[in-house]
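Breakdown of the fold
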Amino acid sequence: MNDPKTPLSEMRERIDSIDRQIQQLISERANHARTVAKVKGEGLSAIDYYRPEREAHVLRMVVDRNQGPLSDAEMVRLFREIMSSCLAQEDPLKIGFLGPEGTFSEQAVRKHFGHAAYGLPLGSIEEVFQEVAAGHADFGVVPVENSGQGMIQVTLDMFLTSDATICGEIELRVHQCLHSRSGRLEDVRRIYAHAQSLQQCKTWLRINLPEVECIAVSSNAEAARLALHADDVAAIAGESAGKVYRLKTVAQGIEDRADNTTRFLVIGRTLFPPSGNDRTSLLVTVNDKPGALYDVLSPFAKHGISLNRIESRPAHTGKWQYAFFIDVSGHIDDDALQAAVHDIGESAASIRVLGSYPVALP
Ligand SMILES: O=C(O)C(=O)C[C@]1(C(=O)O)C=C[C@@H](O)C=C1
């Protein structure tokens, strides 16, 4: 047995004492959050207590204070979980996402809302929009862009036909793994994965498994589920999908680009106040006339607004009419952005504010 006063046991006593303090402070914090909730009103739904702009502000302070040794992302994750539990004391938020369990969309849900939120796995991106519109989910999380593959058009097109608002953005580093029942590379004859994941791992597959048949399926988690049924089948999916379906990992980090990142949007039914570091998404449709795009973009320069992103899609309102998805820095409550939106409205066929939301945290 260890002497109770060895350096190891002393250090553990210090850790125990710190844990007691942390636990006491977490309980104190949770009590304060309850009091804040009471001020907002008794017996409301989870969504009425939720304040994304305040959460973003709290987490930015965490990043500003962080001096290591834990990374900013780790600190943010820990505090996100504390806030998630504080909020769920009232009633957990219900979040729809592209299921089944184990998808990167589910990881994005957990990164943004923590583990105390209730995750609702749904069959398609369209269904996520529908369930949010119907009020069956408080918010939805949908992929919108991958750093290597570009925009996810199904998601953009859903904004053309729905009233969904954008309440947040999440950036998730995507690490792909190859999973199978046996865990042996030499057994693999067929690979299932979502089409995007097959694209993201093209080079690795060409070098390591050139003869193998690759089959696109509806999600990586579905691929993992299929890999359960035969020894010569493997699935490309994230680490968590491999765990959910109890598969062995054949290889990890098989994505071609080391910075492979997917950006997700949080969709909802309302707009939220400024957090201090926000982005605004606009949907603009233009008439087919000379200088139409210039008329849309020049007000941003005139009012000193940074353009982050612009993407065009057929507008669905008539042949050769285009809708532009435009992301800019700032919140729609800012005077400069109000003035720019007013100017664009003078020339465009239509302009809609999809949402103003906190810029993604680490
Ligand atoms: O500040 C609030 O409005 C709170 O309800 C507290 C709190 C928190 O735990 O810090 C909890 C939930 C909200 O989404 C934002 C913040």
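What this report covers is the structure whose coordinates are included nearby.

Cut-offs applied
- Residues numbered from 1 in each chain as written.
- Predicted model: local features only at pLDDT ≥ 70, side-chain atom pairs only at ≥ 80, totals over all residues.
- Heavy atoms only, no water.
- Pairing = 2+ DSSP bridges.
- Helix = DSSP H or I, 4+ residues; strand = E, 2+ residues; numbered from the N terminus.
- Axes fitted to C-alpha atoms, helices over the stretch in contact; angles between N-to-C directions.
- Buried < 20%, exposed > 50% of the residue type's maximum accessible area, 1.4 Å probe, protein only.
- Left-handed = near helix turned anticlockwise from the far one by under 90°.
- Contact = heavy atoms within 4.5 Å.
- Near = heavy atom within 4 Å.
- Polar contact = N/O pair within 3.5 Å; in protein donor to acceptor, adjacent residues only side chain to side chain.
- Areas by Shrake-Rupley, 256 points an atom, 1.4 Å probe, with all protein chains shown as cover.
- Nonpolar A, V, L, I, M, F, W, Y, C, P; charged D, E, K, R; others polar.

Note: strands within a sheet are paired through backbone hydrogen bonds, in either parallel or antiparallel orientation. In space, the 4 strands of this open sheet follow the order S13-S14-S12-S15, with antiparallel pairing throughout. The open sheet has two edge strands with one neighbour each: strand S13 (307-314) and strand S15 (350-358). In this sheet, neighbouring strand axes are inclined to one another by 15° on average, regardless of whether the strands run parallel or antiparallel. Pairing between strand S12 (residues 278-286) and S15: 8 bridges, direction antiparallel.

Of all 8 residues making up helix H10 (residues 220-227), 6 are buried, and the element is well covered by its neighbours. By the burial criterion, the buried members of H10 are Asn220, Ala221, Glu222, Ala223, Ala224 and Ala227.

Bringing the packing of helix H6 (residues 125-133) against helix H7 (residues 153-161) into the picture now. Look at H6 against H7: their axes get within 9 Å of each other, and the N-to-C directions meet at 35°. Considering only the axes of H6 and H7, their crossing is right-handed. In this structure, H6 contributes Ile125, Glu126 and Phe129 to the contact, and H7 contributes Val154, Thr155, Met158 and Phe159.

Okay, the site of the ligand next. Close contacts around the ligand come from Arg29, Val36, Lys40, Tyr49, Tyr50, Arg51, Arg54, Glu55, Met83, Cys86 and Leu87, and that covers them all. Within the backbone of Arg51, one N or O atom sits 2.9 Å away from an oxygen atom of the ligand. Between the ligand and Glu55 there is a distance of 2.7 Å, counted from an oxygen atom to a side-chain nitrogen or oxygen. Taken by itself the ligand offers 360 Å² of open surface, and the protein chains cover 89% of this. Sorting the residues of the shell around the ligand by element identifies helix H1 (7-40), helix H3 (52-65) and helix H4 (72-88) as the ones contributing at least two each. Across the shell around the ligand, the residue classes break down as 6 nonpolar, no polar and 5 charged.

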